[in-house]
Amino acid sequence: RSIVILISGRGSNMQAIVRTAQTEQWPARIVAVISNRADAEGLKFAAAQGIPTAVVANKDYPDRAQFDAALRVVIDGFVPDLVVLAGFMRILTAPLVEHYAGRMLNIHPSLLPSFTGMATHRQALEAGVKVHGVTVHFVTPTLDHGPIVAQVAVPVLEGDTEQSLEQRVLIEEHQLYPRAVRWFVENRLVIEDGRVRINADP
Ligand code: GRF
């Protein structure tokens, strides 16, 4: 199975997936790491791992549709079975998302459907929730809304700041995302009526 990972910055989730795929000897390969920003730190890590990298800079395109069209050509050049959005900070248009229906995952730092969009840790603190967390989901045209693959709850502690909460969530992200990607690679994820079942064995 071939996996393409899209990043926009640090790429810590991408790094966790790359490392886990290596240590757990997945029957899959990360065939490319693609970013919408040439200065994305994660590109250096990927290159150092010998993973092909590419940049499709949104600022080089007049509109979202043309950016997405160019991005799709580059992604499909690697013939992926799975596209993983990992800290990828672009909202993708419906045609692109539908092209990858059932084979595009995203990680969102909240317990969806709570706190969609940006600044999720600030939203959680402002809402005064006692439990926050992270969600891995299939991507659909509706932002932060697709069938949920997995979630992990993270406690909000007295005195938490956006930063302390983000750090606690990030630790769980780095555990959860590789597991969810491995389930996909093992053909264990079945989407039925907008909900995901994880089969014990394929
Ligand atoms: C993380 O909070 C992740 O949940 C969100 O983007 C942030 C940065 O991720 N999707 P990464 O370190 O670039 O993987």
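Residues numbered from 1 in each chain as written. Predicted model: local features only at pLDDT ≥ 70, side-chain atom pairs only at ≥ 80, totals over all residues. Heavy atoms only, no water.

The chain goes by Phosphoribosylglycinamide formyltransferase in an unreviewed UniProt entry, where it is assigned to Collimonas arenae. For the chain, the Function (unreviewed entry) comment in UniProt is given as "Catalyzes the transfer of a formyl group from 10-formyltetrahydrofolate to 5-phospho-ribosyl-glycinamide (GAR), producing 5-phospho-ribosyl-N-formylglycinamide (FGAR) and tetrahydrofolate." Per UniProt, the comment on the chain under Pathway (unreviewed entry) is "Purine metabolism; IMP biosynthesis via de novo pathway; N(2)-formyl-N(1)-(5-phospho-D-ribosyl)glycinamide from N(1)-(5-phospho-D-ribosyl)glycinamide (10-formyl THF route): step 1/1." (UniProt positions renumbered as here; feature names shortened; annotations may be inferred.)

With that out of the way, let us pick up the sheet that holds strand 5 (residues 104-108). Consider a sheet: its strands pair through backbone hydrogen bonds, and that pairing is either parallel or antiparallel. Pairing in this open sheet of seven strands is mixed, and the strands run 3-2-1-4-5-6-7 from one edge to the other. Taken across any chain shown, the strands that pair with only one partner, and hence form the sheet edges, are strand 3 (53-55) and strand 7 (148-155). Going from strand to strand, the sheet's axes swing by 20 degrees on average, the running direction of each strand aside. Alignment of strand 1 (residues 2-7) against strand 4 (residues 82-85), held across four bridges, turns out to be parallel. Its bridge partner lying in strand 4, Val-4 is registered against Val-83. Lying over the sheet, helix 6 (residues 162-185) contacts strand 1, strand 4, strand 5, strand 6 (131-138) and strand 7, oriented at roughly 155 degrees with respect to strand 7. (Pairing = 2+ DSSP bridges. Helix = DSSP H or I, 4+ residues; strand = E, 2+ residues; numbered from the N terminus. Axes fitted to C-alpha atoms, helices over the stretch in contact; angles between N-to-C directions. Contact = heavy atoms within 4.5 Å.)

The positions that UniProt labels "binding site: (6R)-10-formyltetrahydrofolate" (unreviewed entry) are, in the present scheme, Arg-64, Met-89, Arg-90, Ile-91, Leu-92 and Asn-106. Mapped onto the secondary structure, Arg-90 falls in the loop between strand 4 and helix 4 (94-99). When residues no more than four places from it in sequence are discounted, the contact partners of Arg-90 are Asn-36, Asn-58, Arg-64 and Phe-67. Judged by its relative accessible area of 8%, Leu-92 falls in the buried class. (Buried < 20%, exposed > 50% of the residue type's maximum accessible area, 1.4 Å probe, protein only.)

Below, the discussion takes up the site of the ligand. Near the ligand the following residues occur: Arg-10, Gly-11, Ser-12, Asn-13, Gly-87, Ile-107, Pro-109, Leu-170 and Glu-173. The separation between an oxygen atom of the ligand and a polar main-chain atom of Gly-11 is 3.0 Å. For the ligand, whose unbound accessible area comes to 360 Å², protein coverage reaches 89%. Among the secondary structure elements, those contributing two or more residues to the shell around the ligand are helix 1 (12-23) and helix 6. The residue makeup of the shell around the ligand, split by class, is three nonpolar, four polar and two charged. (Near = heavy atom within 4 Å. Polar contact = N/O pair within 3.5 Å; in protein donor to acceptor, adjacent residues only side chain to side chain. Areas by Shrake-Rupley, 256 points an atom, 1.4 Å probe, with all protein chains shown as cover. Nonpolar A, V, L, I, M, F, W, Y, C, P; charged D, E, K, R; others polar.)

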